[in-house]
Structure formats: C-alpha cells, structure tokens
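The residues making up each chain are set out below.
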Amino acid sequence: MKTIQELINEPDTIIIDVRTTSEYTVSHYPGAIHIPLDELPKHLGTLKAENKPVILYCRSGNRSGIGMNFLHQQGLKEVYNGGGLTDMLFYQKQ
C-alpha cells in the first residue's frame with residue numbers, strides 16, 4: 001500500500017477537500033478540488049471515469065473517512081483518507 005506522500009508525488013493523484021465551502025475558502029491544500037461530502041455522489045461518474053488514485057481530506061479525518069468508505073462501496077479501489085488539512089499540509093510534492 002502506498003503512503004500519502006507517495007500518492008501526492010504521483011501526478012495522476014486527485015486530491016479532494018470534502019469540507020464545507022466556508023472551510024475551503026479559508027484555507028485548503030494547494031491544488032485540491034473542492035467537493036463537499038454531501039455532493040460526492042454527484043461526482044461519482046467522473047471519478048470512476050478518471051480511474052486515478054484519490055485522496056480525500058477534511059478537518060479531522062472523519063468526513064474524509066466517510067467519503068472514502070462511500071467511494072469504496074461504489075467500486076473505486078484506490079481511495080485514501082488523507083486525514084485533516086493539517087495532516088495534508090505536512091506533505092508537499094517532492
């Protein structure tokens with residue numbers, strides 16, 4: 001299993017912020033796509049079609065864990081919980 005750092009270093013990895021719009025506006029991981037957790041089902045087709053590794057993150061890792069479980073249940077294999085924004089900011093592309 002790949003580490004979050006290894007995934008971030010891969011150019012194909014999609015990083016998704018599942019927090020609210022106001023949380024995202026205040027601060028987010030550079031290059032992250034904003035898809036609030038409750039809107040994740042609307043983007044399922046696109047994520048399946050892209051067929052790339054996905055890292056989800058939120059404030060604490062709870063909502064991203066819920067999103068990861070949902071995407072796994074929908075058949076996506078390479079979905080990872082990046083934890084909270086603070087955890088993600090620890091990693092940078094190298």
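As shown above, the structure is provided for reference.
These numbers come from a predicted model, not from an experiment.

Asker: Now, about the sheet that holds strand S2 (residues 33-34): what can you tell me, with residues and values included?
Answerer: Within the open sheet, the 4 strands sit side by side as S2-S1-S3-S4. Their pairing is parallel. Bordering the open sheet on either side are S2 and strand S4 (79-84), each of which pairs with just one other strand. Where strand S1 (residues 14-17) lies against strand S3 (residues 54-58), 4 bridges are found, and the strand directions are parallel. Its bridge partner lying in S3, Asp17 is registered against Tyr57.

Asker: I'd like to hear about the pattern of salt bridges, residue by residue, with values.
Answerer: Applying the stated criterion across every chain, the model contains 4 salt bridges. Taking the shortest distance from any N to any O, the salt bridge between Glu23 and Arg63 comes out at 2.9 Å. Of this pair, Glu23 sits in helix H2 (residues 21-26) while Arg63 sits in helix H4 (residues 62-73), and the two are 40 residues apart along the sequence. The shortest N-O distance in the salt bridge between Glu50 and Lys52 comes to 3.7 Å. The partly exposed category is assigned to Lys52, whose relative accessible area is 32%.

Asker: Before we move on, could you go through the pairing of S1 and cite the residues and values that matter?
Answerer: Side chains Ile14 and Ile16 of S1 all project onto a buried face; the interleaved residues Ile15 and Asp17 project onto the opposite face, where all are buried too. The parallel pair S1 and S2, bridged by H2, forms a crossover whose chirality is right-handed.

Asker: Can you tell me about unusual backbone geometry, naming the residues and giving the values?
Answerer: Phi at Asn51 is positive, roughly 50°, even though this residue is not glycine. With respect to the secondary-structure elements, Asn51 resides in the loop between helix H3 (44-50) and S3.

Asker: Can you break down the packing of aromatic side chains residue by residue, with the values?
Answerer: Within this structure, the stated rule accounts for 1 aromatic pair. Here the aromatic rings of Phe90 and Tyr91 are separated by 5.4 Å at their centres, their planes lie at 80°, and the arrangement is edge-to-face. Judged by its relative accessible area of 67%, Phe90 is exposed. Take Tyr91: its relative accessible area is 22%, and that puts it in the partly exposed class.

Conventions used here
Residues numbered from 1 in each chain as written. Predicted model: local features only at pLDDT ≥ 70, side-chain atom pairs only at ≥ 80, totals over all residues. Heavy atoms only, no water. Pairing = 2+ DSSP bridges. Helix = DSSP H or I, 4+ residues; strand = E, 2+ residues; numbered from the N terminus. Salt bridge = Lys/Arg side-chain N within 4 Å of Asp/Glu carboxyl O. Buried < 20%, exposed > 50% of the residue type's maximum accessible area, 1.4 Å probe, protein only. Right-handed = clockwise from strand over helix to strand, strands pointing away. Phe/Tyr/Trp six-rings, centres within 6.5 Å; stacked < 30°, edge-to-face > 60°.

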